[in-house]
Amino acid sequence: MKILVATEKPFAPVAVEGIKKVIEEGGHELVLVEKGTKADMIAAVKDCAGLIVRSDKVDEEVFAAAPQLKVVVRAGAGYDNIDLAAATAHGVCVMNTPGQNSNAVAELVFGMLVTLLRNRYNGTSGTELLGKTLGIHAFGQVGRNVARIAHGFGMTVSALDPWVKDEDMLAENVQPVHSVEELYSQNQFVSLHIPATDQTRRSVNRALIERLPKNGVLVNTARKEVIDEESLMDVLEARPDIRYVADVKPDNADALVEKFGDRVFFTPKKMGAQTAEANINAGLAAARQVVANLKDGFNRFQVNR
Ligand code: 3PG
């Protein structure tokens, strides 16, 4: 059977080699579409039984064009790019690969913070992370890695996650907090790790951001949709001490840069999971999951039950 890997943002070549090997050892054929458009994906998927994507959009149009499709694996954590209802309607199993790229994203949080705090290495005097407070908004796989690294920097770490027990956070030397208001009021740095869902879209709004203490920094390596962009603009205007860095560029990025200069900082393209290690981990996991699903219906990480 044919398995399509369609990634607008390509995996590292070493990961593609590994994916190919897993697919071929499973008795299948790899079809590779890198840096393609949605039209390229649609053209390539028509006779494929499996599909591996990253943040690439997989919607009704794609499913309708793929009558043989049995399984889609999002090589990564967030699956807001996949229309789950359409997948279910077409009898397609959708899985993600939780945890496989989370260290890469967590490391970038600190890369971005240090770059911001050292004034982008322009020779002027910056500030440090040691002894500062960090609030982690959602304590999933990325959040846990962020906490581990933050401890290395000597930060005091707290987290909000209604799905995680207090004792599990305390076991990782993380102070549990129980409301967003508390999280944003008590931490100079807040790192966002919530998924984009109907409940979270635009939920990080003025009422929250303006709670940040003096010299507060919000770092977003999650999804641009969770920020209320007008609110962000308003708070940055009202509070000249607050800064915002994001690996998920807001739609109003140009306006923010023009208005607030060095107080905001965005990667040109989402880079969090873009390491050879994360590509290998997530890409190989995705390939194994597709092959196992086609073999005997493996569905451990199914998200459209
Ligand atoms: C994820 O949800 O796994 C991350 O946001 C990474 O996304 P990417 O594979 O598009 O880089």
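Residues numbered from 1 in each chain as written. Predicted model: local features only at pLDDT ≥ 70, side-chain atom pairs only at ≥ 80, totals over all residues. Heavy atoms only, no water.

A word on the site of the ligand
Working step 1: Residues in close proximity to the ligand include Lys9, Arg54, Ser55, Arg74, Gly76, Ala77, Gly78, Asn101, Arg223, Lys270 and Ala273, which together make up its full environment.
Working step 2: Ser55 is positioned with one of its side-chain polar atoms (N or O) 2.5 Å from an oxygen atom of the ligand.
Working step 3: Here Arg74 contributes a side-chain N or O atom positioned 3.0 Å from an oxygen atom of the ligand.
Working step 4: Expressed as a share of its isolated accessible area of 320 Å², the protein-covered part of the ligand is 94%.
Working step 5: Of the residues contributing to the shell around the ligand, the split by class is two nonpolar, four polar and five charged. (Near = heavy atom within 4 Å. Polar contact = N/O pair within 3.5 Å; in protein donor to acceptor, adjacent residues only side chain to side chain. Areas by Shrake-Rupley, 256 points an atom, 1.4 Å probe, with all protein chains shown as cover. Nonpolar A, V, L, I, M, F, W, Y, C, P; charged D, E, K, R; others polar.)

So, helix H5 (residues 102–117)
Working step 1: Between the first and last C-alpha of H5 there are 23 Å, a value that for 16 residues agrees with the 22 Å anticipated at 1.5 Å per step.
Working step 2: Among all positions in H5, only Ser102, Ala104, Val105, Ala106, Val109, Phe110, Met112, Leu113, Thr115, Leu116 and Leu117 are buried.
Working step 3: Asn119 sits one or two residues past H5 and shows a positive phi near 50°. (Helix = DSSP H or I, 4+ residues; strand = E, 2+ residues; numbered from the N terminus. Expected span 1.5 Å × (residues − 1). Buried < 20%, exposed > 50% of the residue type's maximum accessible area, 1.4 Å probe, protein only.)

Notes on the packing of helix H10 (residues 229–238) against helix H11 (residues 253–260)
Working step 1: Two elements in contact, H10 and H11, have axes whose closest approach is 11 Å; the angle formed by their N-to-C orientations is 5°. As judged from the angle between their axes, H10 and H11 are roughly parallel. Taken together, the residues of H11 that come into contact with H10 (itself represented by Leu232, Met233, Leu236 and Glu237) are Ala255, Leu256, Lys259 and Phe260.
Working step 2: Along the lines of polarity and charge, the residues of the contact of H10 with H11 split into six nonpolar, no polar and two charged. (Axes fitted to C-alpha atoms, helices over the stretch in contact; angles between N-to-C directions. Parallel < 35°, antiparallel > 145°, perpendicular 65-115°, else oblique. Contact = heavy atoms within 4.5 Å.)

Focus: the side chain of His193
Working step 1: Inspection of the secondary structure assignment puts His193 in the loop between strand S9 (189–192) and helix H9 (206–209).
Working step 2: Under the relative-accessibility criterion, His193 is labelled buried at 14%.
Working step 3: For His193, the side chain forms a polar contact with the side chain of Ser191, separated by 2.7 Å.
Working step 4: What His193 contacts, discounting residues up to four positions off in sequence, is Val109, Ile136, His137, Ala138, Val142, Gly143, Val146, Thr221 and Ala222.

Points about the sheet that holds strand S11 (residues 243–246)
Working step 1: If you trace the seven strands from one edge of the open sheet to the other, you get S8-S7-S6-S9-S10-S11-S12, paired in parallel fashion. Here the strands that pair on one side only, and so sit at the sheet edges, are strand S8 (175–177) and strand S12 (264–266). Going across the sheet, the axis of each strand differs from the next one's by a mean of 20°, ignoring polarity.
Working step 2: Packed onto the sheet, H5 meets strand S6 (133–137), S9, strand S10 (217–220), S11 and S12 and runs at close to 140° relative to S11.
Working step 3: In this fold helix H6 (residues 141–152) packs onto S6 and strand S7 (156–160), with an angle of close to 170° to the strand it touches most, S6. (Pairing = 2+ DSSP bridges.)

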